[in-house]
Amino acid sequence: MKRLFVALWVLLEAGPAFAQATAVKPPLEASAKAAPEPDAKASEFPPEVQRALDALVRADLKQGPTAGLSVGVMRGGQRWMNGYGYRDLAKKLPATVRTTYRMASITKSFTAVAVMQLAQAGKLDLDADIHTLVPEYPVKQWPVTVRQLLGHLGGVPTYDSPSAGNNTKPVTTKEAIGLFADRPLVSEPGTRYLYTTWGFNLLGAAVETASGQSYREYLRDHVFGPANMSHADVDEISTRDAQQAVGYRVSGATLKPSRFLDVTSRFAGGGTRATVEDLLGFARAVLDHTLVSRETMGRMQATMVTRDGHITDYGMGFATYPLRGHYIVAHAGGQPETTTLLVLLPAEDTAIALATNVEDEAKRLRRLSIRLMETVLDEGAPARGGHFTDPVDAVVYEGMGRLASYGLAYHDWATRGPGTLPPETDLAGAFAKVSSLFDRAAIARDGRGAMERIRGAHEPRAESLFIRVGAHMAATVEKAMGAERLRAYRAQGAAGFFADYLSACETLKCPEAERFSPSVRSDVARFVAGWRRAEVPALKRTRLEAMKDPERLWPALKEAAVRAPAVRPDYTDELLTLADRAKRKPVDRMRWLERATELHPESMDAHLARAVGLMEADREPEAIPHVREAFETPEGSLVLSPTGFLKRLLDTRSPKVARGLLRAAVTLHPDAPELWDALAKRERALGDAGAAKAALAQAKRARQVRAAQEARAPKAQPGVVAPAGSAPAQDKAGSTSPTVPVDPESAPEP
């Protein structure tokens, strides 16, 4: 809850191998002459903004081994692009804005646009069974529609073994479909979100059927050409040019060449290549509705919903969700040789494109995208969550943060972008229900249940309460105070948004039913007062890790905590970033980790980070209590489920740390066989056969317990579909939604 993105998405200081690999200092800046002629309509950002963007990227690249990185930022008619490091380490060839990278799963966005173009033209029915368009895909136990495949709701499986996605020979469209055609659906379409590249391969085949062109020809004629993507193409050896980046993977503190993968087997789900300038061209075409109509693009950017009313945070070919009051439309990509990210902000006419030739760098690109967004849109002001010593306050503020972010984002998207708001029916009743969700007595009785209800209050199954009420609040503030006022809350916090709404209601004479309960109004006043008392002036417009001497500000942070012990801004993320930057100085690193838990003892992320630091230092027994502390926070009781722990392992490169987290996890969830199985695998990989055998025995026992519990559970009524699958893990208060997702196809485990 305290940080604005999930887990420990910060990398470590450069290892010795990177220092050796760059003994000849790499040219950090791309040569302007290496880039193609810029768009005639584009202009540069002001020099001070360019310097800030460049400094931000340079600072981040000091934190870990990297080869090449290309970056593009666009807002309106302004662009900034640059290349850093090497596209080829051995030959010392620089990465530039002209460097071509594998796009990986960003390809899904290209495919989705192609499908929607054909649907607009009447050549393809979104509700057609995919078998009618791709006859080589057999009829399944349920029909699967094009629309469902566009949102990963079709039940088509994803890679189910290490070898399933590791093809090394070129294949045709028919052969690519044949790789999975005989596999049954894993769930009834519409009931469960399951990210799948195979499902998008079906869509690529449908494009070929409906258009009469090959997938490559269609993209070149109808997507790449109109979007001025002059260097984009399908990623085949024959299409690569001299600017193609050589791929690398991180192994310990060193960079090694990527293993070879032929991506024709995932052609429409991950089989293209392009430059960051191409990505900005695609972004410009999407934002200008050049490729499809405004109405169609609005449908593509709207999240899809499971049959039981759960939002998936994925539209048609794009991840789509609020982040700190911004409406985000994005896609990430990851494969051998590459990590990519494209972030669009339709209401703000802004795009950020990032590509690196190092695998598994999703954490770095996510972090960079948020910092770039802060610089371009928020004048560098960091968005911080709130720290609360009272768990009831923490739950209330979580709700305020989520409502503010959903409301601000959807209001902007519907008024300045192609989006639409849920229909308004009973606004007074919606306000009453929100006040009920924030009721302190109810939260005190059942904090976990209250948090669950708050985390689902934006969904259709909960009448889209937070979207409807939050968007109405945003419109009211804009009417009374102007549109620019809506940009202030990323730095002021959610309570500031609530306070301004209540003030606007005084001016505009809102009905009493639309002013929340007296209890909520009292909490708003208390939160705002505490926040103001605890602000550190030097950090109002900048992040702690951006200061030249952050050590100097530690006394001020402690003093602020004394001034407002119950309510204050949360600096956990910044403290943990400083800890990660001190990776090569273990004493300094541990000091910042200790400070994070000292300043924010109720922070799930602070305790988890300290636990990881202790595990890295071979102090696992000291780490376990911190994992338990993290679990006992209001957020941790929801986020650190068995599935939550397993997801966090995807971001854990150290086998030792992964084993330590699993050892802690099984103490919290002893009846979760999936955790014991994962622990057994880790113990075996680290050479402890006895521990692996014991973990497998515990997994067997846990499965028996689960089977007995399921046998005693009431049977579902015929014709009733049980809730299947949930939306991706939600982010913390303030961001209120997953950050740009890791591409689940990125790294099949060898």
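Please read these numbers as outputs of a predicted model, since none were measured by experiment.

Caption draft 1: Region of interest: the overall build of the protein. Regarding its fold elements, the protein presents 30 helices and 15 strands. Scored against the burial criterion, the 750 residues of the protein give a buried share of 59%. Summarising the internal contacts of the protein: among those between residues at least 6 apart in sequence, 74% fall at separations of at least 24. Here the protein displays about 28,300 Å² of accessible surface, and carbon together with sulfur accounts for 55% of that area.

Caption draft 2: Up close: the pattern of salt bridges. Per the counting criterion, the structure on display carries 54 salt bridges. Among the salt bridges present, the one from Glu-337 reaches Arg-102, with a minimum N-O distance of 3.7 Å. Here Arg-102 lies in strand E5 (residues 101–102) and Glu-337 lies in the loop between strand E11 (326–335) and strand E12 (338–345), a separation of 235 residues in the sequence. Taking relative accessible area as the criterion, Glu-337 reaches 11% and is therefore assigned buried. For Asp-288, the salt bridge identified is with Arg-284, shortest N-O distance 3.1 Å. With a relative accessible area of 15%, Arg-284 lands in the buried category. Sharing partners across several salt bridges, the network here consists of Arg-324, Arg-371, Glu-374, Arg-543, Glu-545 and Asp-573.

Caption draft 3: Representation of the packing of aromatic side chains in the model. Taken as a whole and assessed by the stated rule, the structure comprises 24 aromatic pairs. Summarising the aromatic geometry, the rings of Phe-438 and Phe-466 are spaced 6.2 Å apart at their centres and angled 50° between planes, so their arrangement reads as tilted. You can see Phe-438 sitting in the loop between helix H14 (427–437) and helix H15 (440–445) and its partner Phe-466 sitting in helix H17 (residues 465–481), a full 28 residues away along the chain. One aromatic cluster is present, built from ring pairs that chain together Phe-431, Phe-438, Phe-466, Tyr-489, Phe-497, Phe-498, Tyr-501 and Phe-516. One residue, Lys-92, lies across the ring of Tyr-86, its end atom 5.9 Å from the ring centre.

Caption draft 4: Up close: the environment of Pro-170. Relative to the elements of secondary structure, Pro-170 occurs in the loop between helix H5 (146–150) and helix H6 (173–178). On the basis of relative accessibility, which here comes to 62%, the residue Pro-170 falls in the exposed class. Each residue touching Pro-170, except ones within four places of it in the same chain, is listed here: Glu-175, Asp-262 and Thr-264.

Caption draft 5: Quick peek at unusual backbone geometry. If you check the backbone angles, Asn-228 has positive phi at about 60° while not being a glycine. Note that Asn-228 resides in the loop between helix H8 (215–224) and strand E6 (233–234). Its identity as a non-glycine residue notwithstanding, Glu-337 has a phi of 90°, on the positive side.

Caption draft 6: Structural context of the sheet that holds strand E9 (residues 272–274). Strands sit in the order E5-E9-E6 across an open sheet of three strands; the sheet is antiparallel. Pairing within the sheet leaves two strands with one partner each, and these edge strands are E5 and E6. The sheet contact formed by E6 and E9 spans two bridges and is antiparallel. Along E9, the bridge assignment pairs Val-234 with Thr-272.

Caption draft 7: Representation of the pairing of strand E8 (residues 254–257) within the structure. Here strand E7 (residues 248–251) pairs with E8 via four bridges, running antiparallel. The partner of Val-250 across the bridge, within E8, is Leu-255.

Caption draft 8: Molecular detail of the packing of helix H24 (residues 604–616) against helix H28 (residues 655–668). Following both chains from N to C, one finds H24 and H28 inclined at 125°, their axes separated by 9 Å at the closest point. Taken together, the axes of H24 and H28 lie oblique to each other. Relative to H28, H24 is oriented so that their crossing is right-handed. Where H24 abuts H28, its residues Val-612, Met-615 and Glu-616 lie against Lys-656, Val-657, Gly-660 and Leu-661. Across the contact of H24 with H28, the residue classes break down as four nonpolar, one polar and two charged.

Caption draft 9: Representation of the nonpolar core within the structure. In terms of nonpolar packing, the biggest core is built from 113 residues, with Tyr-137 and Phe-282 touching the most fellow members. Ignoring sequence-local partners within four residues, the contact set of Phe-282 consists of Ser-109, Phe-110, Val-113, Val-223, Ala-227, Met-229, Leu-291, Phe-318 and Leu-342. By size, the runner-up hydrophobic cluster in this structure holds 54 residues, among which are Leu-539, Phe-631, Leu-668 and Ala-672.

Caption draft 10: Local environment of the side chain of Arg-610. Within the secondary structure, Arg-610 is located in helix H24. Buried and unpaired, Arg-610 has no salt bridge, with Glu-594 as the nearest side chain of opposite charge at 4.0 Å. Ignoring anything within four residues of it in the chain, the contact list for Arg-610 reads Leu-593, Glu-594, Thr-597 and His-626.

Caption draft 11: Expanded view of H24. With 13 residues, H24 should reach 18 Å at 1.5 Å per residue; the first-to-last C-alpha distance of 19 Å fits that figure. Of all the 13 residues making up H24, 12 are buried; the element is thus mostly covered by neighbouring parts of the structure. Taken residue by residue, H24 has Met-604, Asp-605, Ala-606, His-607, Leu-608, Ala-609, Arg-610, Ala-611, Val-612, Gly-613, Leu-614 and Met-615 as its buried positions. Residues of H24 that are buried sit in contact with helix H22 (572–581), helix H23 (586–599), helix H25 (620–631), helix H26 (636–639), helix H27 (642–649) and H28. Between a side-chain oxygen at the N-terminus of H24 and the backbone nitrogen of Asp-605 the separation is 3.4 Å; the capping residue is Ser-603. Taken from the residues just after H24, Asp-618 is the one with a positive phi, measuring 60°.

Caption draft 12: Quick look at the packing of H27 against helix H29 (residues 673–685). For the pair H27 and H29, the least separation of the axes is 9 Å and the interaxial angle reads 30°. In terms of their interaxial angle, H27 and H29 are classed as roughly parallel. In contact with Pro-642, Phe-645, Leu-646 and Leu-649 of H27, H29 contributes Glu-674, Leu-675, Ala-678 and Arg-682. Looking at the contact of H27 with H29, its residues break down into six nonpolar, no polar and two charged.

Parameters and conventions
Residues numbered from 1 in each chain as written. Predicted model: local features only at pLDDT ≥ 70, side-chain atom pairs only at ≥ 80, totals over all residues. Heavy atoms only, no water. Helix = DSSP H or I, 4+ residues; strand = E, 2+ residues; numbered from the N terminus. Buried < 20%, exposed > 50% of the residue type's maximum accessible area, 1.4 Å probe, protein only. Contact = heavy atoms within 4.5 Å. Areas by Shrake-Rupley, 256 points an atom, 1.4 Å probe, with all protein chains shown as cover. Salt bridge = Lys/Arg side-chain N within 4 Å of Asp/Glu carboxyl O. Phe/Tyr/Trp six-rings, centres within 6.5 Å; stacked < 30°, edge-to-face > 60°. Lys NZ or Arg CZ within 6 Å of the ring centre and 35° of its normal. Pairing = 2+ DSSP bridges. Axes fitted to C-alpha atoms, helices over the stretch in contact; angles between N-to-C directions. Parallel < 35°, antiparallel > 145°, perpendicular 65-115°, else oblique. Left-handed = near helix turned anticlockwise from the far one by under 90°. Nonpolar A, V, L, I, M, F, W, Y, C, P; charged D, E, K, R; others polar. Core = buried A, V, L, I, M, F, W, Y, C linked by side-chain atoms within 4.5 Å. Lys, Arg positive; Asp, Glu negative; His and termini not counted. Expected span 1.5 Å × (residues − 1). Polar contact = N/O pair within 3.5 Å; in protein donor to acceptor, adjacent residues only side chain to side chain.

Without other data, these values stay purely geometric and don't point to any function.
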